[in-house]
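Architecture at a glance
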Amino acid sequence: MSKNQLLEFMDELDDSITDETEQPVGGARVSKKRQSGRREKDARLFVRAQEFAREFQFTYQAARFEEAWLLGALNEIAEHGWISDVLKKAKGGKEASVYLCKPGPAAVEAQFVAAKVYRPRTLRNLKNDQQYRDGRTDLDSEGNKIYKSAEVHAIAKRNTFGEALRHQSWIAHEFRAMENLFAAQADIPRPYARAGNVIVMDFVGDALGSAPTLNEVTLERSEARPLFERVMRNVEILLSHGYVHGDLSAYNILYWEGAAKLIDFPQAVSPKDNRNSFRIFARDVTRLCDYFAKQGVDSDPQRLARDLWAAHGFKPREDLHPRDLDPENAHDRQLWEQRGSA
Ligand SMILES: Nc1ncnc2c1ncn2[C@@H]1O[C@H](COP(=O)(O)OP(=O)(O)OP(=O)(O)O)[C@@H](O)[C@H]1O
Ligand SMILES: [Mg+2]
């Protein structure tokens, strides 16, 4: 099967999974013709799925089409020894599904690894990615910067080739950020490998499944403040290594054995190169402070964000040209008004 055929196949499978899982409630009518068309397609996909299944087998009993889709997605990382078995689906998100896997010989030191598998449909609809892409150089499937003008042009034009590159770049950015931040000793799962739509990393949790996200946890009073400080320390590590998470909140932090692990990095932006970076940063800090306020830790998020920003050598808002101030940020608005009246 050629690469193009494979991609087409994956897309069809993704559509079928969606058909299987997103049946309209109340049973919308499907015409006879459509039904028989669907059956034909199902049969064709089923045969191809069986071809894949001969190559790689796993314990997890996936739904009909999910299995074929997974086999296609995980083939390469299994071949390279990052995983040896898929034990269960830990989380089925809208954007990506995360599977609990047994590591292969290439990741022997891990007890379990997580395979984060992006759904092609999600990637096709990368919404709102523009604000995060600002100031970013796209990366190819090897994680190298894309400079060739034909490729840069295709990405800008959003033709089919360009969209494929854009998707690869989105995932390559997540993996690159994780590699850099793990090396910087941030509290994140150790990343192992990336192939196609999949990232393999340490699994946070146990054989039963993923650790809870922080928003599901009520902290002991005595642990809330130290954990807040630890998370803020991580925010600083990110900043000092050129990253603002961009979607940080208690939903993207896993809590396991008293420790926090930050996850979900594809949208991370550069504080230096992204023009909205301060707004995105202040939003991250505010969301974290909101969660910790509910756990009894008081803080002043706007002030904290500004102080951290300036402490890491980024331009304080006060020094910005008025056109670079952000009308959605309360502090910036205040500055704007002061200057306006001066
Ligand atoms: N390394 C990991 N170990 C264990 N569970 C994980 C790991 N990474 C992600 N998960 C689980 O999968 C979920 C989705 O992962 P992630 O946040 O990276 O993807 P996402 O595309 O943002 O999905 P969503 O839109 O649901 O947030 C997480 O909330 C978490 O429960
Ligand atoms: Mg998430």
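The structure under discussion appears in the preceding block.
Heads up: these notes are all about the structure in this document.

What counts and how
- Residues numbered from 1 in each chain as written.
- Chains lettered and ligands numbered in written order.
- Predicted model: local features only at pLDDT ≥ 70, side-chain atom pairs only at ≥ 80, totals over all residues.
- Heavy atoms only, no water.
- Helix = DSSP H or I, 4+ residues; strand = E, 2+ residues; numbered from the N terminus.
- Buried < 20%, exposed > 50% of the residue type's maximum accessible area, 1.4 Å probe, protein only.
- Contact = heavy atoms within 4.5 Å.
- Donors = N, O, S within 2.8 Å, 3.2 Å for Na, K, Ca; no water.
- Core = buried A, V, L, I, M, F, W, Y, C linked by side-chain atoms within 4.5 Å.
- Domains from an automatic or database assignment.
- Phe/Tyr/Trp six-rings, centres within 6.5 Å; stacked < 30°, edge-to-face > 60°.
- Pairing = 2+ DSSP bridges.
- Salt bridge = Lys/Arg side-chain N within 4 Å of Asp/Glu carboxyl O.
- Near = heavy atom within 4 Å.
- Polar contact = N/O pair within 3.5 Å; in protein donor to acceptor, adjacent residues only side chain to side chain.
- Areas by Shrake-Rupley, 256 points an atom, 1.4 Å probe, with all protein chains shown as cover.
- Nonpolar A, V, L, I, M, F, W, Y, C, P; charged D, E, K, R; others polar.

Side note on the overall build of the protein chain
The helix and strand tally for the protein chain stands at 11 helices and 9 strands. Among the 342 residues that make up the protein chain, the fraction classed as buried is 49%. Relative to all contacts within the protein chain whose residues are 6 or more apart in sequence, the contacts with residues 24 or more apart total 63%.

Examining the coordination of the magnesium ion (ligand 2)
At this site the magnesium ion (ligand 2) is bound by Asn252 (OD1) and Asp264 (OD), with donor distances of 2.3 Å. Taken together, the residues span a long stretch of sequence, with Asn252 in the loop between helix H8 (221–240) and strand S8 (253–256) and Asp264 in the loop between strand S9 (259–262) and helix H9 (277–294) at a distance of 12 residues. Taking the relative accessible area as the measure of exposure, Asn252 reaches 10% and is therefore buried.

Quick notes on the nonpolar core
Counting residues in hydrophobic clusters, the biggest one holds 57 residues, and the most contacted among them are Leu214, Leu219, Val235, Ile253, Phe265, Phe281 and Phe292. Among the domains, domain 1 (3–206) and domain 2 (211–341) are the pair contributing at least three residues each to this core. For Phe265, the contacting residues outside a window of four places in its chain are Glu174, Ala177, Met178, Leu181, Ile188, Leu238 and His245. Ranked by size, the runner-up nonpolar core spans 25 residues in total, among them Phe56, Leu71, Ile77 and Ala107.

Looking at the packing of aromatic side chains
In this description, a pair of aromatic rings is defined by centroid distance and the angle of the planes. Taken as a whole, this structure holds 7 aromatic pairs when the rule is applied. Where Tyr291 meets Phe292, the ring centres are 5.0 Å apart and the plane angle is 85°; that geometry is what we call edge-to-face. Between Trp309 and Phe314, the ring centres sit 4.9 Å apart and the planes meet at 40°, which makes this aromatic pair tilted. Neither residue differs from the other here; Trp309 and Phe314 are each classed as buried.

Notes on the pairing of strand S1 (residues 83–92)
Relative to strand S2 (residues 96–103), S1 is paired through 7 bridges, and the arrangement is antiparallel. Paired with Asp85 across the strands is Lys102, a residue of S2. In sequence, S1 turns back onto S2 through a hairpin of 3 residues.

Focus: unusual backbone geometry
Although it is not a glycine, Gln185 sits at a positive phi angle of roughly 65°. The residue Gln185 is located in the loop between helix H7 (160–183) and strand S4 (191–195) in this model. Taking relative accessible area as the criterion, Gln185 reaches 66% and is therefore assigned exposed.

Description of the pattern of salt bridges
With the rule as written, the count across this model stands at 14 salt bridges. Taking the shortest distance from any N to any O, the salt bridge between Glu66 and Lys89 comes out at 3.2 Å. Taken together, the positions of Glu66 in helix H3 (residues 64–79) and Lys89 in strand S1 put the pair 23 residues apart, joining distant regions of the chain. Given a relative accessible area of 6%, Glu66 falls into the buried group.

Examining the environment of Phe278
Mapped onto the elements of the fold, Phe278 is located in helix H9. Judged by its relative accessible area of 2%, Phe278 is buried. Residues Phe278 and Val244 lie 34 residues apart in sequence; the distance between their C-alpha atoms is 8.7 Å.

Quick word on the site of ligand 1
Close contacts around ligand 1 come from 18 residues, with Lys116, Asp202, Val204, Ser210 and Asp264 the closest. Within the backbone of Val204, one N or O atom sits 2.8 Å away from a nitrogen atom of ligand 1. Between ligand 1 and the protein, one listed contact pairs an oxygen atom with a side-chain N or O atom of Asp264 at 2.4 Å. Burial of ligand 1 by the surrounding chains reaches 86%, relative to a free accessible area of 600 Å². Of all elements in the fold, only S2, strand S3 (113–118) and strand S5 (198–202) reach the threshold of two or more residues within the shell around ligand 1. The class makeup of the residues in the shell around ligand 1 is 9 nonpolar, 4 polar and 5 charged. Mapped onto the domain boundaries, the shell around ligand 1 takes at least three residues apiece from domain 1 (3–206) and domain 2 (211–341).

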